[in-house]
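# Report on the structure
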Amino acid sequence: MINSGRYTAKLDSGWRFQHDPQNQGEMEGWHNAGLPAPVPVSVPHTWNVQEELEEFRGAGWYEQLLEAPGECAGRRFRIFFEGAYRDTDIWVNGTLAGSHYNSGYTPFEADITPYILAGGNNRLVIRVDNRNSDTALPVSNSFDWADDGGLIRPVTLVVTGSTAVEQLRVEPKVSFSADGKPAGGTVAAQIKLCEPPAADVQAEKKVYRNEVIVWQGREEITAGALAWSFAEIGLDEVQLWHFDHPHLYELEIVLTSGGGTQDRLVRSFGFREIVVEGHQLLLNREPVRLMGVEWMPGSHPDAGMAEGAEELTAMLVRLKEANCIITRFHWQQGNELLDWCDRNGLLVQEEIPHWQQPAEPGKDTRLLALSQAKEMIASHSHHPCIFAWGMGNELDGQSAVTNGYMKELKEEFLQLDSTRLVNYVSNTLQLQPASDATGAGDMLMWNDYIGTWHGDLDEEEVIRQIIADHPDKPLVVAEYGLCEPAFEGGDARRIEILKDKTAIYRRYPEFAALIYFSLNDYRTQMGEEGTGRFMQRVHGSVDLYNQAKPSYAALREESSPLVLAGGPVWKNGGLELTLECRNDIPSYTVRGYSLSAAIAGGEVISQQLPDLAPGEVRTVFVELPVDAGSAAEAKDASARTAALSILRPTGFSVLELQLG
């Protein structure tokens, strides 16, 4: 019911759009009278994939009518934006109701309650401007992705009682016994209300696991309180979140006052611990060495930065099918994308979009970064997939100014969220490792382009110097790969770089993770190839339309935690194969994996695989029907054709073999 609790509605249809090349809309009163010559669009939307507007940087206007039934009188109305690029003004019935400037990828909301007229239609008008700005992050045109303008992510109407939750912070913590096994967990929760309530408010709390209540309680929020920290919730047993076992919980908060429900909010979360210890990265007390790839969203030419669930999911599935379980984003993403990562097991570093400039950041940049960090962390800190926050990418990492800035900014990040790692990604670590700004982070994160952008240096000599200068921190290669047409060699050289550099990194236990760059060719406003919506960098193992190149198979193979050490051999009415769990990169215990065999004729046989620790080798026998069986029993080779797949617990394929 719209007049009870919380009502939400995606505002994806009913929009009309008009671009404003002369920036005359406000002067002519478009915010009050409506758009003079609009076209219908759906949201998410960007004009930079539309014919004739691909190169347009400026103001774009959106409008639609919101119906507010008479029974909504006294309710609170808010518009929630997952992201709008970039500078945004919101009018309701001709009155400015909110603005959001200098940040194009962080979520924000506008409380439009004072401007809504119950019992009729209300004109909602939004102006978004994507021109370069020297007061934003990213600054000016210093960023290597598309600058698509518009309402690029979902817009949602939220209607609640007058007492409503503005922010809900969930902080789960897992406890471990002396032998490193999970021993229960706790959940802390903090609420910030939209405004102090005039009367006491009852808050009912419930924790769910697989839709079953595992804890419930009730507390009182006193009248006049704007923020509230609930008593810690204790659970005797918890299931941990892991990239192969992404167990999730839900916290439900229901606020009641004056005999009616004011608001209801449900937030998912997970119990997991990610820390660094020396050069090791520990996930739930297990040392892990991880393989990943960076994906640049917003690259489908038909959708751009307004990619919907279908395009986003297709790329995320492609990433996971590459056996990659860690990634990073140069700019903040939407909650729907991060929800997918939570459910399917993908570790994420989400970053402030501070790319190269200003190379020596100062106070103004710090204030911008902190403003974005507050919005990012307030909206995204419940996601267990996010293991780290990023402070920037490829600045002047050898500068004392940048070093001081990163140390100070990290401390401020930790005040916002002390439960995650904080890092800066450097492309200068190879110069003077001891003095590089990435040392301010919890991990050394290095964009390694020795052999291309960084020239011809001795790779292993550089690595040894980095390790000598930083013996107590994990080393992560945050980018390595080949960018065309800046460098020649095509996909064959891309495979060569992937294999050769990965082989070198594997020889050094100080490397905790590798993030190949990149999964996809990507649209970027500084692309060397193509024009308009096709302007791109050819850097990926799939193209703009998610079509795989040969290097994708190589990435998948290099990233697999399991390798076939022997077989498969047809034997005694079945197949025998020997599996080895990698003990370099990637390196982690394989638990709950399964084998699926599709037999000629349509029959599918499945069986669980034994758990394997890093370096462990096990022989597995798969019993098959006799007509699919041994070579001695089958005269026709096609009769024993089988397709074998090894699957993660999440269902993603690790290895596939076609036998016949």
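Quick note: structure is the one above.
Residues numbered from 1 in each chain as written. Predicted model: local features only at pLDDT ≥ 70, side-chain atom pairs only at ≥ 80, totals over all residues. Heavy atoms only, no water.

Another aspect to go through is the nonpolar core. Ranked by size, the top nonpolar core spans 108 residues in total, and within it Leu-290, Trp-295, Phe-413 and Phe-511 carry the most contacts. Leu-290 has contacts with Phe-243, Leu-281, Ile-325, Ile-326, Leu-347, Ala-512, Ala-513, Leu-514, Ile-585 and Tyr-588, leaving out every residue within four places of it along the chain. One finds Leu-66, Ala-68, Val-155 and Leu-157 within the second-largest nonpolar core, a separate group that totals 30 residues. (Core = buried A, V, L, I, M, F, W, Y, C linked by side-chain atoms within 4.5 Å. Buried < 20%, exposed > 50% of the residue type's maximum accessible area, 1.4 Å probe, protein only. Contact = heavy atoms within 4.5 Å.)

Looking now at unusual backbone geometry. At the junction of Tyr-85 and Arg-86, the peptide bond is cis and its omega measures out at 5° in the coordinates. Along the polypeptide, Arg-86 turns up in the loop between strand 5 (76–81) and strand 6 (87–92). That bond from Glu-484 to Pro-485 is cis: its omega, -5°, falls within 30 degrees of zero. You can see Pro-485 is positioned in the loop between strand 30 (475–479) and helix 7 (490–506). Unusually for a residue other than glycine, Asn-284 sits at a positive phi of about 55°. On the secondary structure map, Asn-284 appears in the loop between strand 22 (280–283) and strand 23 (286–288). (Helix = DSSP H or I, 4+ residues; strand = E, 2+ residues; numbered from the N terminus.)

Strand order in the open sheet formed by eight strands is 24-31-30-29-28-27-26-25, and the pairing between neighbours is parallel. Either end of the sheet is taken by a strand with one partner, and the two such strands are strand 24 (290–294) and strand 25 (326–329). On average, each strand axis in the sheet is tilted by 25° relative to the strand beside it, whichever way the strands run. As paired elements, strand 25 and strand 26 (residues 347–351) share four bridges and run parallel to each other. (Pairing = 2+ DSSP bridges. Axes fitted to C-alpha atoms, helices over the stretch in contact; angles between N-to-C directions.)

Once that is clear, we can look at the packing of helix 7 against helix 8 (residues 550–559). Taken N-terminus to C-terminus, the directions of helix 7 and helix 8 make an angle of 15°; their axes are 8 Å apart at the nearest point. The pairing of helix 7 with helix 8 is recorded here as roughly parallel in orientation. Relative to helix 8, the crossing made by helix 7 is right-handed. In contact with Asp-491, Arg-494, Ile-495, Leu-498, Lys-499, Thr-502 and Arg-506 of helix 7, helix 8 contributes Pro-550, Ser-551, Ala-554, Leu-555 and Glu-558. Looking at side-chain class alone, the contact of helix 7 with helix 8 contains five nonpolar, two polar and five charged residues. (Parallel < 35°, antiparallel > 145°, perpendicular 65-115°, else oblique. Left-handed = near helix turned anticlockwise from the far one by under 90°. Nonpolar A, V, L, I, M, F, W, Y, C, P; charged D, E, K, R; others polar.)

With that settled, the discussion passes to the packing of helix 2 (residues 309–321) against helix 3 (residues 335–344). Look at helix 2 against helix 3: their axes get within 11 Å of each other, and the N-to-C directions meet at 35°. By crossing handedness, the relation of helix 2 to helix 3 is classed as right-handed. Across the interface between the two elements, Leu-312, Thr-313, Leu-316, Val-317 and Lys-320 from helix 2 touch Leu-337, Trp-340, Cys-341 and Asn-344 from helix 3. Its residues placed into classes, the contact of helix 2 with helix 3 shows six nonpolar, two polar and one charged.

Here the focus is the pairing of strand 22. Pairing of strand 21 (residues 274–277) with strand 22 involves four bridges; the strand directions are antiparallel. Across the sheet, the residue bridging to Val-276 is Leu-281, located in strand 22. Hairpin connection from strand 21 to strand 22: two residues lie between these consecutive antiparallel strands, with Gly-278 at a positive phi of about 65°. Two elements, strand 22 and strand 23, share three bridges in a ladder whose sense is antiparallel. For Leu-282, the partnering residue across the bridge sits in strand 23 and is Pro-287. Connecting strand 22 to the next strand, strand 23, in antiparallel fashion are two residues, including Asn-284 with a positive phi near 55°.

This part takes up the sheet that holds strand 21. Taking strand neighbours across the sheet as the criterion, the three strands line up as 21-22-23 in an open arrangement whose pairing is antiparallel. Edge positions in the sheet fall to strand 21 and strand 23, since each has one partner strand and no second. Adjacent strand axes in the sheet meet at a mean angle of 40° when their direction is disregarded.

As a further point, take the packing of aromatic side chains. Per the stated rule, a full pass over the model turns up 23 aromatic pairs. Look at Phe-17 and Trp-47: their rings are 5.7 Å apart centre to centre, the planes differ by 15°, and that puts the pair in the stacked class. Within this pair, whereas Phe-17 is found in strand 2 (residues 15–20), its partner Trp-47 is found in the loop between strand 3 (39–41) and strand 4 (59–68), the two being separated by 30 residues in sequence. A residue is classified by how much of its surface remains accessible, and Phe-17, at 2% relative accessible area, is buried. For Trp-47, a relative accessible area of 0% corresponds to the buried category. With a centroid separation of 5.6 Å and an interplanar angle of 70°, the aromatic rings of Phe-517 and Tyr-522 are classed as edge-to-face. Every member of this aromatic cluster is reached through a ring pair, and the members are Trp-15, Phe-17, Trp-47, Phe-56 and Tyr-62. The ring centre of Tyr-249 lies 5.7 Å from the NZ or CZ of Arg-209, which sits over that ring. We note Arg-318 situated over the ring of Tyr-552; from NZ or CZ to the ring centre the distance is 5.0 Å. (Phe/Tyr/Trp six-rings, centres within 6.5 Å; stacked < 30°, edge-to-face > 60°. Lys NZ or Arg CZ within 6 Å of the ring centre and 35° of its normal.)

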